[in-house]
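Commentary on secondary and tertiary structure
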Amino acid sequence: MLCVLLSCRKGLSRISIESEKQCLWRGNSERKHGGNLVAWPLAQRPKKKGGLGIKNLLLQNDSLLMKQVHKFYSKEDIPWVNLLWYRYYDGRVPHTKRDAGSFWWKDVFRLKELYGFITTCQLGDGSSILFWKDVWAGESLEDMFPNIAHFVKDSDLSVKNVSEATSLSELFNIPISQAAAAELNDLRNLVQNFVLTEENDQRIFCWGNSRFAASKLYKMAFLSSPVPASFKLIWKSKVTPIKFFAWLILLDRLNTKSMLARRNFNVQPNCHCVLCTEGIEESIEHLFFSCEFARKVWDKLGISWTAEIDIHYKIIHTRRQNGIPFFMEIFLIAAWELWKIKNRQVFDGVHAAFSRWLRNFKDEAALQSHRLKDDDRRLVCLWLDAL
């Protein structure tokens, strides 16, 4: 079954990805059409990196297959590993040889370059480690000794091959330069200090040990994606049903009138905010922070927003300055009720009254408080009664 999945992984992954997109944006209705609110690669990022945590199937597949590459290089005593070494790689360093074996193994072994990038080598018998190219002495010897490496006869020798040579000099084309001669002396000192054993060579991963973990490899793909701490705050909050809505706010992907206009929708009668009479375009910043209705909401809740333009810093700094318990829960529920009351006025023609917002906010907050511990829930109920 594994072989079948490997051979058609691209086709299966494409079908699965399309199914995931359909489920996220359009539910189980094949007739429902409409654009995706967020680019799919962004939705596939981990939650702490600004995404929804939806697995990237191709990346996850490679992370799982990498375990087989690790078993192979570690020469684990299992039949398929022994067969591959005996049949195709006996006396050879695998990543210097053209891909061999079945097409299933070739599909797995394409990950050898990534495997070499995330590991360093720990000498055993030296048979599977390249003397010049692999990292076994802190860095690769061709980087450590670039001048002498220019004169080497065979750059694909293993550490074991070099240790069996009668003299280091026979490994190089002569004559060599003066700079190369100086590096040759340093190389001799290095070679004299390493000792080979009868054990198999080991690979040490960049996370500090030789134990492979697919989850760690998967997470490495997102290490270079710095995101504000506000994303962590929404996922740690207790208001579970509203988190997706909050995520769209932080990404500026909520379908406000401003966003609909940017996506070339025909917004009628105009893009102005319906909760105030200021004639300002309905954007996330205006609707949830600077609108007259929104300012009345935050005044009622005792929240004073800082002047930052960026919404992430605005949330982080205001949360720090106000010191209100359950700040994120209060903010998300208040914004959610603002969004609903605005939509009721737009689509149902129900006037957005502040008293209705306050009643809805209290009801929703009381409902969400059941997710809290008893002591915290009593504190929230007391606060709601005081509003």
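Calculation notes
- Residues numbered from 1 in each chain as written.
- Predicted model: local features only at pLDDT ≥ 70, side-chain atom pairs only at ≥ 80, totals over all residues.
- Heavy atoms only, no water.
- Salt bridge = Lys/Arg side-chain N within 4 Å of Asp/Glu carboxyl O.
- Helix = DSSP H or I, 4+ residues; strand = E, 2+ residues; numbered from the N terminus.
- Buried < 20%, exposed > 50% of the residue type's maximum accessible area, 1.4 Å probe, protein only.
- Polar contact = N/O pair within 3.5 Å; in protein donor to acceptor, adjacent residues only side chain to side chain.
- Contact = heavy atoms within 4.5 Å.
- Core = buried A, V, L, I, M, F, W, Y, C linked by side-chain atoms within 4.5 Å.
- Phe/Tyr/Trp six-rings, centres within 6.5 Å; stacked < 30°, edge-to-face > 60°.
- Lys NZ or Arg CZ within 6 Å of the ring centre and 35° of its normal.
- Pairing = 2+ DSSP bridges.

1. Digging into the pattern of salt bridges
Scanning all chains against the criterion turns up ten salt bridges. Salt-bridge contacts for Asp-62 lead to Arg-110; the nearest nitrogen and oxygen are separated by 2.6 Å. Pair noted here: Asp-62 is in helix 4 (residues 57-73) and Arg-110 is in the loop between helix 6 (103-109) and helix 7 (112-118), with a separation of 48 residues, a long-range link. With relative accessibility at 29%, the residue Arg-110 sits in the partly exposed group.

2. Focus on the side chain of Lys-342
For Lys-342, the location among the structural elements is in helix 19 (residues 327-348). According to the relative accessible area criterion, Lys-342 is buried, its value standing at 4%. Within polar-contact distance, the side chain of Lys-342 engages the side chain of Glu-282 at 3.3 Å. Not counting chain neighbours up to four residues away, the residues in contact with Lys-342 comprise Val-274, Leu-275, Glu-282 and Leu-287.

3. Notes on the nonpolar core
Generally speaking, soluble globular proteins have nonpolar side chains that are buried together. Of all hydrophobic cores here, the largest spans 62 residues; its most connected members are Trp-247, Phe-288, Leu-301, Phe-331 and Trp-357. When residues no more than four places from it in sequence are discounted, the contact partners of Phe-288 are Phe-245, Ile-249, Leu-254, Ala-294, Trp-298, Ala-335, Leu-338 and Trp-339. With 22 residues, the next largest nonpolar core counts Cys-121, Trp-132, Val-159 and Leu-184 among its residues.

4. Here we look at the environment of Leu-358
Mapped onto the secondary structure, Leu-358 falls in helix 20 (residues 354-368). Take Leu-358: its relative accessible area is 14%, and that puts it in the buried class. Separated by 57 residues in sequence, Leu-358 and Leu-301 have C-alpha atoms that sit 9.9 Å apart.

5. A short note on the packing of aromatic side chains
Applying the stated criterion to the full structure yields 36 aromatic pairs. Ring centres of Phe-72 and Trp-105 lie 5.0 Å apart, and the angle between their planes is 55 degrees; this geometry places the pair in the tilted category. Of this pair, Phe-72 sits in helix 4 while Trp-105 sits in helix 6, and the two are 33 residues apart along the sequence. Look at Phe-72 and you get buried, because its relative accessible area is 0%. In this structure Trp-105 comes out as buried when scored by relative accessible area, which is 7%. Seen in terms of ring centroids, Tyr-218 and Phe-222 are 5.5 Å apart; in terms of plane orientation they differ by 55 degrees. Their pairing is tilted. By the burial criterion, Tyr-218 is buried, and Phe-222 matches it. The ring centre of Trp-235 lies 4.8 Å from the NZ or CZ of Lys-47, which sits over that ring. Above the plane of the ring of Trp-339 lies Lys-342, whose end atom (NZ or CZ) is 4.2 Å from the centre.

6. Quick look at unusual backbone geometry
Geometrically, the link from Ile-174 to Pro-175 is a cis peptide bond, its omega value of 5 degrees lying close to zero. With respect to the helices, strands and loops of the structure, Pro-175 is situated in the loop between helix 10 (159-164) and helix 11 (178-193). Positive phi, normally seen in glycine, also occurs at Lys-75, with a value near 55 degrees. Locating Lys-75 in the fold gives a position in the loop between helix 4 and helix 5 (79-88). One non-glycine residue, Asn-264, lies in the positive phi region at around 65 degrees.

7. Here's the deal with the pairing of strand 1 (residues 119-122)
Of the two faces of strand 1, only one is covered, namely that formed by Thr-119 and Cys-121; the face formed by Thr-120 and Gln-122 stays uncovered. For strand 1 and strand 2 (residues 202-205), the ladder comprises four bridges, and the chain directions are antiparallel. Following the sheet pairing, Gln-122 is matched in strand 2 by Gln-202.

Shape descriptors only; they carry no functional weight alone.
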